[in-house]
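Reading the structure
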Amino acid sequence: MKNQKINEKYNAYVEARIPKTKPWPSLFNSFWVGGLICLIGQGINDLILYLFPSMAQQSAWAWTLIILIFLASFLTAIGVYDKIGKFAGGGSIVPITGFSNSISSPAIEFKHEGIIYGTCVKMFTIAGPVIVVGVVSSVLVGIIYYIIGLF
């Protein structure tokens, strides 16, 4: 009974403190900002293929990703990407730029703790589980495809 009362008080406190969001404007901003980031990526890819016509499509994709990751890290370092993320919400974290932001942001924040315990350790606090799940799931899918290929 006592715990239930404490939980109710805590829930009322949290409910009062949570910032209220407007779902439709948030969804709209997320959609168009995420689309704009993808459009910029496509523009970079097309520009690379235009400037280097002999380049293979896969190489152009790789260079596009490198440029987008660099731009997101740079914008994170100067504090702009955080403002984009606050405005766009999920639209800024879905593309590769959001992954870049999730690695660079903790590295920048904890650099005062030193190169090893600050930057290197904290860099993968958010992105580490994503990398592990991605690698493990791709290995499992590869094994399944290998087994299917045997039959």
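Right, let's walk through the structure included here. From a predicted model like this one, the values you see are computed outputs, not experimental measurements.

Calculation rules
Residues numbered from 1 in each chain as written. Predicted model: local features only at pLDDT ≥ 70, side-chain atom pairs only at ≥ 80, totals over all residues. Heavy atoms only, no water. Axes fitted to C-alpha atoms, helices over the stretch in contact; angles between N-to-C directions. Helix = DSSP H or I, 4+ residues; strand = E, 2+ residues; numbered from the N terminus. Parallel < 35°, antiparallel > 145°, perpendicular 65-115°, else oblique. Left-handed = near helix turned anticlockwise from the far one by under 90°. Contact = heavy atoms within 4.5 Å. Nonpolar A, V, L, I, M, F, W, Y, C, P; charged D, E, K, R; others polar. 1 Å grid on protein atoms, 1.4 Å probe; cavity = no way out; pocket = protein on both sides within 12 Å on 5 of 7 lines; lining within 4 Å. Points joined across faces, edges and corners; volume = space filled by probe spheres on them. Core = buried A, V, L, I, M, F, W, Y, C linked by side-chain atoms within 4.5 Å. Buried < 20%, exposed > 50% of the residue type's maximum accessible area, 1.4 Å probe, protein only. Polar contact = N/O pair within 3.5 Å; in protein donor to acceptor, adjacent residues only side chain to side chain. Patch = residues over 30% accessible without salt bridge, like charges linked within 9 Å, V, L, I, M, F, W, Y side chains within 5 Å. Areas by Shrake-Rupley, 256 points an atom, 1.4 Å probe, with all protein chains shown as cover. Salt bridge = Lys/Arg side-chain N within 4 Å of Asp/Glu carboxyl O. Expected span 1.5 Å × (residues − 1).

With their axes 9 Å apart at the nearest point, helix α2 (residues 23-51) and helix α3 (residues 57-77) run at an angle of 130° to one another. What the angle tells us is that α2 and α3 run oblique. Read as a crossing pair, α2 and α3 show a hand that is right-handed. Between α2 and α3, the residues in contact are Gly41, Ile44, Asn45, Ile48 and Leu49 and Gln57, Ala60, Trp61, Trp63, Thr64, Ile67, Leu68 and Leu71, respectively.

Next up on the list: the packing of α2 against helix α4 (residues 80-88). When two helices pack together, their arrangement is captured by the angle between the axes and the distance separating the axes. At a minimum axis separation of 8 Å, α2 and α4 run at an interaxial angle of 135°. Compared by their axis directions, α2 and α4 come out oblique. Of the residues in α4, those touching α2 at Ser26, Asn29, Ser30, Trp32, Val33 and Ile37 are Tyr81, Ile84, Phe87 and Ala88. Considered class by class, the residues forming the contact of α2 with α4 number 7 nonpolar, 3 polar and no charged.

A few words now on the layout of surface pockets. Of the pockets and cavities examined, the largest pocket occupies roughly 220 Å³. Forming the boundary of the largest pocket are 13 residues, of which Ile37, Ile40, Leu75, Tyr81 and Ile84 lie nearest the centre. Those elements giving two or more residues to the lining of the largest pocket turn out to be α2, α3 and α4. Considering each element in turn, the lining of the largest pocket owes the most residues, 5 residues, to α2. When its residues are assigned to classes, the lining of the largest pocket shows 12 nonpolar, 1 polar and no charged. Estimates place the volume of the second largest pocket at around 180 Å³. For the second largest pocket, the full set of lining residues is Thr21, Lys22, Pro25, Ser26, Asn29, Lys86, Phe87, Ala88 and Gly89. For the lining of the second largest pocket, the secondary-structure elements that each account for two or more residues are α2 and α4. Taken together, the residues of the lining of the second largest pocket break down into 3 nonpolar, 4 polar and 2 charged.

Residues Val33, Ile37, Ala72, Tyr81 and Ala88 constitute the largest nonpolar core, which totals 5 residues. If sequence neighbours within four positions are ignored, Ala88 has contacts with Ser26, Asn29, Ser30 and Val33.

Looking now at the side chain of Ser30. Mapping Ser30 onto the fold places it in helix α2. Here the side chain of Ser30 touches Gly91 through a polar contact of 2.7 Å, landing on its backbone nitrogen. Those residues in contact with Ser30 that sit more than four places away from it in its chain are Ala88, Gly90 and Gly91.

With that out of the way, let us pick up the environment of Gly134. Its place among the elements puts Gly134 in helix α7 (residues 127-150). Looking at Gly134, the relative accessible area reads 33%, which means it is partly exposed. C-alpha separation for the pair Gly134 and Gly114, spaced 20 residues apart in sequence, amounts to 28 Å.

Among the surface-exposed residues, Phe124, Ile131, Val132, Val135, Val136, Val139, Leu140, Ile143, Tyr146, Ile147, Leu150 and Phe151 lie close enough to one another that they form a single nonpolar patch of about 1,200 Å² accessible area. With respect to the element layout, Ile131 can be found in helix α7.

Spanning 16 residues, helix α1 (residues 2-17) covers 23 Å between terminal C-alpha atoms, matching the ideal 22 Å at 1.5 Å per step. Counting buried residues in α1 gives 0 out of 16 residues, a small share hidden from the surface.

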